[in-house]
Every structure is written in structure tokens, then in C-alpha cells.
Amino acid sequence: MTLQGDLTLSELKRIGKNLPFPPIIIDGQTKLYKELTKFEKEINEKYYERSKIEKAISSIQDTNDESIDYKEELIKIHSIQKDDIKEHSMIECPLCNNTVSEISDNLNRLDDSKNKLLEELEKLGAYSKDNTEIVTSFRLRKKKINNEISKISRNIT
């Protein structure tokens, strides 16, 4: 609405009396603003939750991959090892032919430790199977969050 330049004071007062009250307009905009702010906050929370789930899935997969690679490397090292420590149950001095029990004990402990480590590493295959349920539940939760984000986005438009 444009006003003509030659309006009198009484005409301006009449126009002013017919204008809607500002609180009604502001109140309606405030309610809309509050509702939009609420939806935006909900979406931001869902994005944050989805981000945490994605990081957890990534972390589980990285850990699983690293553990499998580590296991494979140790198995390679074990297969390359040609001498069995058990064959050297008694180490003898090449000069005097006396047995050196201290070295033999250390070698035996080392062999036992190596065997225990390999036994534990063989269990890593089961570790990756155990993670499947966790990763699946994370993915289902992520899908649910994506649906919730879509629903909230539809409410905004």
C-alpha cells in the first residue's frame, strides 16, 4: 500500500487506527519461530547421534581390520620360523660343552609365550563374527535416525 504525499494528519490517524495490533502479528511469528527452532534442534540432535553411530561403526571396522592384519602377519612370522625352540632344550657352550640352563629356560619361556600369543590371536576370527551383531544394530539405528530426520524435515516445509 502506498500513501499519497498530500495526506492530512487526521487521514494518517484514521489509517493508523485501522492497522492490526503488532502483538498479534508478532505472537504468530513467534510461535512459528519457536516451532522452527524446535524442529531445527531436533534435526541437529539426530545428525549428532547419527555421526556418533557412524564413528562407532568405523572404529569397529578399523579395529577388526587391524586385528586380522596383525594376526596374519604373526602367522607368517611363525611359519617362517624354521628352528623349533624345543629342539634346543639344552644349550651347550661350544668351547667347554657345559649346559647353559639359564639360556635354555629363557628360550622355553619365550616359546611358551609365543604359543600362548598365537592361541589368543587365533581367537580374533571369532572377534569379527561377534562384531556383526553390534554393527548391524548400529546400522539399524542409523536407518531409524535417517527416517526421523526425513520426518522432521517434512514438518518444516
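Check the entry above for the structure.
Within any chain, residue numbers begin from 1 and follow the written order of that chain's sequence. Where local features are concerned, this predicted model is filtered to residues with pLDDT of at least 70; where side-chain atom pairs are given and counted, the filter is 80 or more; whole-chain, interface and lining totals use all residues. Side-chain measures were taken over the full set of non-hydrogen atoms in the model, leaving aside hydrogen atoms and water.

Student: Please clarify how the overall build of the protein chain should be interpreted in this entry.
Tutor: Tallying secondary structure elements over the protein chain gives 4 helices and 0 strands in all. For the protein chain, the α and β elements follow one another from N to C terminus as α-α-α-α. Each residue is assigned to one of three classes by its accessible area relative to the maximum for its type, calculated with a 1.4 Å probe on protein chains only: buried under 20%, partly exposed between the two thresholds, exposed over 50%. When the 157 residues of the protein chain are sorted by exposure, 13% land in the buried category. Note on definitions: a residue-residue contact is assigned when non-hydrogen atoms from the two residues lie within 4.5 Å. Partitioning the contacts of the protein chain with sequence separation of at least 6, the portion at a separation of at least 24 is 74%. As displayed, the protein chain has an accessible area near 12900 Å², and 55% of this comes from carbon and sulfur atoms. Helix and strand assignments follow DSSP, with helices taken as H or I runs no shorter than four residues and strands as E runs no shorter than two, numbered in order from the N terminus. Per-residue and other accessible areas were derived by the Shrake-Rupley procedure at a 1.4 Å probe size, with only the shown protein chains allowed to occlude residues.

Student: Where do I start with the side chain of lysine 46 in this structure?
Tutor: Turning to its location among the elements, lysine 46 is positioned in helix 2 (residues 22–80). Within polar-contact distance, the side chain of lysine 46 engages the side chain of glutamate 148 at 2.7 Å. Beyond its immediate sequence surroundings of up to four residues, lysine 46 is in contact with Ile145, Glu148, Ile149 and Ile152. In the analysis that follows, any N or O atom pair within 3.5 Å is treated as a polar contact, provided that within protein one partner can donate a hydrogen and the other can accept it, and provided that, for residues neighboring in sequence, both atoms belong to side chains.

Student: Is there a simple way to think about the pattern of salt bridges in this case?
Tutor: Close approach of charged atoms lets side chains of opposite charge pair. Note on definitions: salt bridges are taken to be side-chain nitrogens of Lys or Arg within 4 Å of carboxyl oxygens of Asp or Glu. For the structure shown, the criterion picks out 4 salt bridges. Across the salt bridge formed by glutamate 49 and arginine 141, the nearest N and O atoms sit 2.4 Å from each other. With a gap of 92 residues between them, glutamate 49 in helix 2 and arginine 141 in helix 4 (residues 124–156) connect regions that are remote in the sequence. For glutamate 49, a relative accessible area of 25% puts it in the partly exposed group. Residue glutamate 54 is joined to arginine 50 by a salt bridge in which the shortest nitrogen-to-oxygen separation is 4.0 Å.

Student: Is there a simple way to think about the environment of glutamate 45 in this case?
Tutor: Residue position: glutamate 45 is located in helix 2. Residues glutamate 45 and isoleucine 149 lie 104 residues apart in sequence; the distance between their C-alpha atoms is 9.6 Å.

Student: Please clarify how a nonpolar patch on the surface should be interpreted in this entry.
Tutor: In this scheme, patches are assembled from residues that exceed 30% relative accessible area and form no salt bridge. Like charges are connected within 9 Å, while nonpolar side chains (Val, Leu, Ile, Met, Phe, Trp, Tyr) are connected within 5 Å. Taken together, the side chains of Leu32, Leu36 and Ile156 define a hydrophobic patch exposed on the protein surface, amounting to about 230 Å² of accessible area. On the secondary structure map, leucine 32 appears in helix 2. A residue is classified by how much of its surface remains accessible, and leucine 32, at 52% relative accessible area, is exposed.

Student: Hey, could you run me through the nonpolar core in this one?
Tutor: The nonpolar side chains of a soluble globular protein tend to be buried, and buried together. The criterion is simple. A nonpolar core is a set of buried Ala, Val, Leu, Ile, Met, Phe, Trp, Tyr and Cys residues joined through side-chain atoms within 4.5 Å. Counting residues in hydrophobic clusters, the biggest one holds 6 residues: Ile53, Ile57, Ile60, Val135, Ile145 and Ile149. Residue assignment for this core shows that the elements contributing at least two residues are helix 2 and helix 4. If near-sequence neighbours (up to four positions away) are discounted, isoleucine 149 is found in contact with Lys46, Tyr47 and Arg50.

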